[in-house]
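# Tertiary structure, described
As a plain string of letters, each chain reads:
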Amino acid sequence: MLVFKNTFASFSVNDLDKANDFYAKILGLPVTRTKEGLSVKAPNNDVFIYPKPNHQPATYTVLNFQVHDIDIAVDNLSGQGIQFLHYDGEMSTDARGISRGNGPTIAWFTDPAGNILSVIENKS
């Protein structure tokens, strides 16, 4: 049987400088730049972001940030210039970009490379 030492998530971007500024300055996460990319220390998880010249953002959420109060998180991120995505249909969002009452309370936004991220409420 395999024994795993650690796990981490990874995804690509098309501009490491913009990604570094976004994750470090806007989201306030510790970021270390290496020759291979960016090592991001997210709460309880490591994320590695690597450059890819022909980067295509995923059509799904690549990184979720659990928050105690989604309204406060959306306010804080909006104050940093983040624009939240709006959806109609099964996973519709309100005027602020928050989906409530149909699954978890969640709001989606993108990083500079178009990767979809979210804040998701977890009151526990």
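Above this text you will find the structure in question.
The notes below deal with the structure included here. (Residues numbered from 1 in each chain as written. Predicted model: local features only at pLDDT ≥ 70, side-chain atom pairs only at ≥ 80, totals over all residues. Heavy atoms only, no water.)

With that settled, consider the sheet that holds strand S1 (residues 9-13). Taken together, the four strands give an open sheet; going across it, the order is S1-S4-S3-S2, and neighbouring strands pair in mixed fashion. Each end of this open sheet is capped by a strand with a single partner; those strands are S1 and strand S2 (31-33). Strand-to-strand, the axes of this sheet are offset by a mean angle of 20°, without reference to chain direction. Bridge count for S1 against strand S4 (residues 45-51) is five bridges, and the pairing is parallel. Residue pairing in the sheet places Ala9 in a bridge with Val47 of S4. This element, helix H1 (residues 16-26), spans S1, S2, strand S3 (38-42) and S4 of the sheet and lies at about 160° to S2. (Pairing = 2+ DSSP bridges. Helix = DSSP H or I, 4+ residues; strand = E, 2+ residues; numbered from the N terminus. Axes fitted to C-alpha atoms, helices over the stretch in contact; angles between N-to-C directions. Contact = heavy atoms within 4.5 Å.)

Take the packing of aromatic side chains next. Each aromatic ring pair is specified by the distance between its two centres and by the angle formed by the two planes. A complete count under the given rule lists four aromatic pairs for this structure. Geometrically, the ring pair formed by Phe22 and Tyr23 is edge-to-face, given 5.1 Å between the ring centres and 85° between the ring planes. In terms of burial, Phe22 and Tyr23 fall into one category: buried. Judged by centre distance (5.2 Å) and plane angle (90°), the rings of Tyr87 and Trp108 are edge-to-face. (Phe/Tyr/Trp six-rings, centres within 6.5 Å; stacked < 30°, edge-to-face > 60°. Buried < 20%, exposed > 50% of the residue type's maximum accessible area, 1.4 Å probe, protein only.)

Our next topic: the pattern of salt bridges. Under the defined criterion, the tally for this structure stands at eight salt bridges. Arg33 is the partner of Asp17 in a salt bridge, and the nearest nitrogen-oxygen pair spans 2.6 Å. Of the two residues, Asp17 sits in helix H1 while Arg33 sits in strand S2, which places them 16 residues apart along the sequence. Between Asp71 and Arg96 there is a salt bridge whose closest N-O contact spans 2.6 Å. Highlighted residues: Asp71 in helix H2 (residues 70-79) and Arg96 in the loop between H2 and strand S6 (98-99), separated in sequence by 25 residues. Overlapping salt bridges, with partners in common, bring together Asp71, Asp75, Asp94, Arg96 and Arg100 in one network. (Salt bridge = Lys/Arg side-chain N within 4 Å of Asp/Glu carboxyl O.)

We now examine the side chain of His55. Among the secondary structure elements, His55 is positioned in the loop between S4 and strand S5 (61-67). A polar side-chain atom of His55 sits 3.1 Å from the main-chain carbonyl oxygen of Ala113. Not counting chain neighbours up to four residues away, the residues in contact with His55 comprise Ser12, Val13, Asn14, Ala113 and Asn115. (Polar contact = N/O pair within 3.5 Å; in protein donor to acceptor, adjacent residues only side chain to side chain.)

This part covers the pairing of S3. Residue alternation in S3 divides its side chains into a buried set, Leu38, Val40 and Ala42, and an unburied set, Ser39 and Lys41. Taken together, the three bridges between S2 and S3 define a ladder with antiparallel strand orientation. Residue pairing for S3: Arg33 is matched across the bridge by Leu38. Relative to S4, S3 is paired through five bridges, and the arrangement is antiparallel. Across the sheet, residue Leu38 finds its bridge partner in S4, namely Ile49. Between S3 and S4, which pair antiparallel and follow one another directly, the connecting turn spans two residues, one of which, Asn44, has a positive phi of 60°.

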